[in-house]
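Survey of secondary and tertiary structure
So the chains spell out like this:
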Amino acid sequence: YCLIDFTRKLKPNYYSIIGVPRSDVDENLKSHFRHNMIHLHPDKNPEGDIGRFLKIKQIYEILNEEVNRVSYDVYGPSVLKTVNLSSSN
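What this report covers is the structure whose coordinates are included nearby. Computed from a prediction, not measured in an experiment: that's the story for all the values here.

Listed in full, the buried residues belonging to helix H3 (residues 25-40) are Val25, Leu29, Phe33, Asn36, Met37 and Leu40. One face of H3 carries all of its buried residues, which in axial projection span an arc of 100°. Exposed side chains of H3 directed beyond 90 degrees from the buried face belong to Glu27, Arg34 and Ile38. As for H3, its buried residues are in contact with helix H2 (14-18), helix H4 (50-64) and helix H5 (66-75).

Next up on the list: the nonpolar core. The biggest cluster of nonpolar side chains holds 17 residues, and the ones touching the most others in it are Tyr14, Ile18, Leu29, Ile56 and Leu63. Listing elements by their share of this core, those giving two or more residues are H2, H3 and H4. No other element matches the 6 residues that H4 contributes to this core. Excluding anything up to four places from it in sequence, Ile56 contacts Ile17, Ile18, Phe33, Asn36, Met37 and Leu40.

This part is about the packing of H3 against H4. When two helices pack together, their arrangement is given by the angle between the helix axes and the distance between those axes. Where H3 meets H4, the closest approach of the two axes is 10 Å, and the angle between their N-to-C directions is 165°. With respect to H4, the element H3 is oriented roughly antiparallel. The chirality of how H3 crosses H4 is left-handed. Counted together, Val25, Leu29, Lys30, Phe33, Asn36, Met37 and Leu40 of H3 and Arg52, Phe53, Ile56, Lys57, Tyr60, Leu63 and Asn64 of H4 form the full contact between these two elements.

Think of an α-helix as 3.6 residues a turn; residues three or four steps apart then line up on the same face. Under the 1.5 Å per step criterion, the end-to-end length of H4 is 21 Å for 15 residues, consistent within 8% with the ideal 21 Å. Of the positions making up H4, those classed as buried are Phe53, Ile56, Ile59, Tyr60, Ile62 and Leu63. Residue Asp49 occupies the N-cap position of H4, its side-chain oxygen lying 3.1 Å from the main-chain nitrogen of Gly51.

Taken as a whole, this structure holds 3 aromatic pairs when the rule is applied. Geometrically, the ring pair formed by Tyr15 and Tyr72 is tilted, given 6.0 Å between the ring centres and 55° between the ring planes. Of this pair, Tyr15 sits in helix H2 while Tyr72 sits in helix H5, and the two are 57 residues apart along the sequence. In this structure Tyr15 comes out as buried when scored by relative accessible area, which is 4%. What makes Tyr72 buried here is its relative accessible area of 3%. Their ring planes at 20° and their centres at 4.0 Å tell us that Phe33 and Tyr60 sit as a pair that is stacked. Residue Phe33 is located in helix H3, and its partner Tyr60 is located in helix H4; the two are separated by 27 residues in the primary sequence. Note on Phe33: relative accessible area 16%, which makes it buried. By relative accessible area, Tyr60 is classed as buried at 15%. The structure contains a cluster of three or more aromatic residues connected by ring pairs, namely Tyr14, Tyr15 and Tyr72.

The rules we used
- Residues numbered from 1 in each chain as written.
- Predicted model: local features only at pLDDT ≥ 70, side-chain atom pairs only at ≥ 80, totals over all residues.
- Heavy atoms only, no water.
- Buried < 20%, exposed > 50% of the residue type's maximum accessible area, 1.4 Å probe, protein only.
- Helix = DSSP H or I, 4+ residues; strand = E, 2+ residues; numbered from the N terminus.
- Arc of directions from axis to C-beta.
- Contact = heavy atoms within 4.5 Å.
- Core = buried A, V, L, I, M, F, W, Y, C linked by side-chain atoms within 4.5 Å.
- Axes fitted to C-alpha atoms, helices over the stretch in contact; angles between N-to-C directions.
- Parallel < 35°, antiparallel > 145°, perpendicular 65-115°, else oblique.
- Left-handed = near helix turned anticlockwise from the far one by under 90°.
- Expected span 1.5 Å × (residues − 1).
- Polar contact = N/O pair within 3.5 Å; in protein donor to acceptor, adjacent residues only side chain to side chain.
- Phe/Tyr/Trp six-rings, centres within 6.5 Å; stacked < 30°, edge-to-face > 60°.

Now the structure itself:
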């Protein structure tokens, strides 16, 4: 419980970066992702930040899959390095 509580209080967390409350991920993740992509996509906005674009895309991929989202919620962003390494095989 303490680890989960600590992880939730980390700032900035993926939920705050993408602008979706943790309790509304299932309902609002896709719409927030699309909104961010329109403003940040290099083809749509030449002045957009490519680094932020790629970060938002990575966050969406993590939060969109329930297994990865639960892993992130429980263990924090360090577990995602393991997820990325295992998915590249």
